[in-house]
Amino acid sequence: MTDISLSYSPLTVDDVDAAIQFYRDALGLELVNDVASDGHRWVSLGFSGQPGLMLVLSDPGAGRSPEDGEALQRLVVKGSGPGPIVFNTTDLDATFERVRAAGAEVLQEPKVQPWGPRDCAFRDPSGNHIRINQAA
Amino acid sequence: MAEPPSDPPGYARRVASDAASAGNQPQSVETLRFLRRARDLMDRQYADPLDVPTMAAKALMSPAHFSREFKTAYGETPYAYLMTRRIERAMALLRDGMSVTDACTAVGATSLGSFSSTFTRLVGETPSAYRARPHEAVEAMPSCMAMVLTRPMPFGLSRIGEASASAAS
């Protein structure tokens, strides 16, 4: 197989600080970098089990025109943005309880899907669709 | 606060012109956030006795105003969205062999008659005819994809044919 792997993946959030609380404190990612420039922010979060892979949070206007930023924010907030983003964990129930206890909006409690995986789903504080799979 | 709980005649046309004239005054982010929560609630609790006045009351909006805002954001009224969601779930249950009466109850529809007529209008065939015929293309795909691809669409523009056609090719 070709030697290629995913390095960074961008994610638009409309409140960067609330997103850090969700992805770092509730979900358990590690804060790697927090860069501010020109009134925008890029926050990189890493995974202990996947060195080098980074989820990069930024506000809707980062790197695009104010009009495009506003349009993207609307899509994300109304739940029609890109996604879902799917995570794996070895302990789905503990992760679900931790994220729910942090106040996240639950879309689906842990359950076995007819096509195989056991998973649960949330909205992040901005409205992004987040799914978490029980790792095999 | 004298808004009627149901949609008055000519409502669809009025919404369409509202949406067009609202082009230079987009909905606030706060409104969109609430509308998303209402839509998520329907996705999650479609089998409960949800109705538009209940959801609108939670938003401190009149049912007519709530319906208008929802349609501007998502292109269909909350009632249409909820019924479409219920019919889409019923299609999955019928494919699994559940009886029409049980499927009707399972998705939160209270009247078999109106369930059957809504189903027929959206899907293009009666629930019992749908249950009786083969569904190979849909059965072969994960439910998450079937949910998207078999979602009944307005004006008979169902994508079920596409799924069968592409599976056959």
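Computed from a predicted structure; not experimentally measured.

1. Looking at the layout of surface pockets
Residue and element names in this part refer to chain A.
Here's step 1: Quantified by volume, the second largest pocket comes out at close to 520 Å³.
Here's step 2: Around the second largest pocket, the lining comprises 21 residues; the ones closest to its centre are L29, F47, Q50, F87 and N88.
Here's step 3: Looking at the lining of the second largest pocket, the elements that each hand over two or more residues are β3 (40-47), β4 (50-58), β5 (85-89) and α3 (92-101).
Here's step 4: Top element by residues in the lining of the second largest pocket is β5. It accounts for 5 residues.
Here's step 5: Its residues assigned to classes, the lining of the second largest pocket comprises 11 nonpolar, 9 polar and 1 charged.

2. Some points on the packing of helix α5 (residues 78-95) of chain B against helix α7 (residues 112-123) of chain B
Packed helices, taken two at a time, are described by the angle between their axes plus the distance between the axes.
Residues and elements named next belong to chain B.
Here's step 1: Look at α5 against α7: their axes get within 10 Å of each other, and the N-to-C directions meet at 90 degrees. When the interaxial angle is binned, α5 and α7 end up roughly perpendicular. Residue-level contacts link M83, T84, I87, A90, M91 and L94 of α5 to F115, T118, F119, L122 and V123 of α7.

3. A few points about the pairing of strand β7 (residues 118-123) of chain A
Residue and element names in this part refer to chain A.
Here's step 1: Within β7, 5 of the 6 residues are buried, leaving the element largely enclosed by the surrounding structure.
Here's step 2: By the bridge criterion, 5 bridges tie strand β6 (residues 105-112) to β7 in an arrangement that is antiparallel. Bridge pairing in β7 links E105 to R123.
Here's step 3: The loop that links β6 with its antiparallel partner β7 comprises 5 residues; one of these, G116, has a positive phi angle of about 135 degrees.
Here's step 4: Between β7 and strand β8 (residues 129-134), which follow one another and run antiparallel, lie 5 residues, and G127 among them has a positive phi close to 115 degrees.

4. What about the pattern of salt bridges?
Here's step 1: Enumeration over the complete set of coordinates arrives at 15 salt bridges over all chains.
Here's step 2: In this structure, R37 of chain B engages E105 of chain A in a salt bridge whose closest nitrogen and oxygen atoms are separated by 2.8 Å. Of this pair, R37 of chain B sits in helix α2 (residues 29-45) while E105 of chain A sits in strand β6, which puts the two residues in different chains.
Here's step 3: Given a relative accessible area of 41%, R37 of chain B falls into the partly exposed group.
Here's step 4: Take E105 of chain A: its relative accessible area is 22%, and that puts it in the partly exposed class.
Here's step 5: Here E88 of chain B ties to R89 of chain B by a salt bridge, and the two come within 3.1 Å at their closest N and O atoms.

5. Some details on the sheet that holds β4 of chain A
Residue and element names in this part refer to chain A.
Here's step 1: Here we have 4 strands laid out as an open sheet, ordered β1-β4-β3-β2, and mixed in their pairing. The open sheet has two edge strands, β1 (8-12) and β2 (30-37), and neither has a second partner. Geometrically, the sheet is characterised by an average inter-axis angle of 20 degrees between neighbouring strands, direction not taken into account.
Here's step 2: As judged from the 5 bridges shared by β1 and β4, these two strands associate in the parallel manner. Bridge pairing links Y8 to M54 in β4.
Here's step 3: Lying on the sheet, helix α1 (residues 16-26) is in contact with β1, β2, β3 and β4; it crosses β3 at an angle near 5 degrees.

6. Some points on helix α4 (residues 63-74) of chain B
All names here are of chain B.
Here's step 1: For α4, built from 12 residues, the straight-helix expectation of 16 Å at 1.5 Å per residue is met to within 8% by its first-to-last C-alpha distance of 16 Å.
Here's step 2: Residues of α4 that are buried: P63, A64, F66, S67, R68, E69, F70, A73 and Y74.
Here's step 3: Looking at the residues trailing α4, positive phi occurs at G75, about 85 degrees.

About the cut-offs
- Residues numbered from 1 in each chain as written.
- Chains lettered and ligands numbered in written order.
- Predicted model: local features only at pLDDT ≥ 70, side-chain atom pairs only at ≥ 80, totals over all residues.
- Heavy atoms only, no water.
- 1 Å grid on protein atoms, 1.4 Å probe; cavity = no way out; pocket = protein on both sides within 12 Å on 5 of 7 lines; lining within 4 Å.
- Points joined across faces, edges and corners; volume = space filled by probe spheres on them.
- Helix = DSSP H or I, 4+ residues; strand = E, 2+ residues; numbered from the N terminus.
- Nonpolar A, V, L, I, M, F, W, Y, C, P; charged D, E, K, R; others polar.
- Axes fitted to C-alpha atoms, helices over the stretch in contact; angles between N-to-C directions.
- Parallel < 35°, antiparallel > 145°, perpendicular 65-115°, else oblique.
- Contact = heavy atoms within 4.5 Å.
- Buried < 20%, exposed > 50% of the residue type's maximum accessible area, 1.4 Å probe, protein only.
- Pairing = 2+ DSSP bridges.
- Salt bridge = Lys/Arg side-chain N within 4 Å of Asp/Glu carboxyl O.
- Expected span 1.5 Å × (residues − 1).

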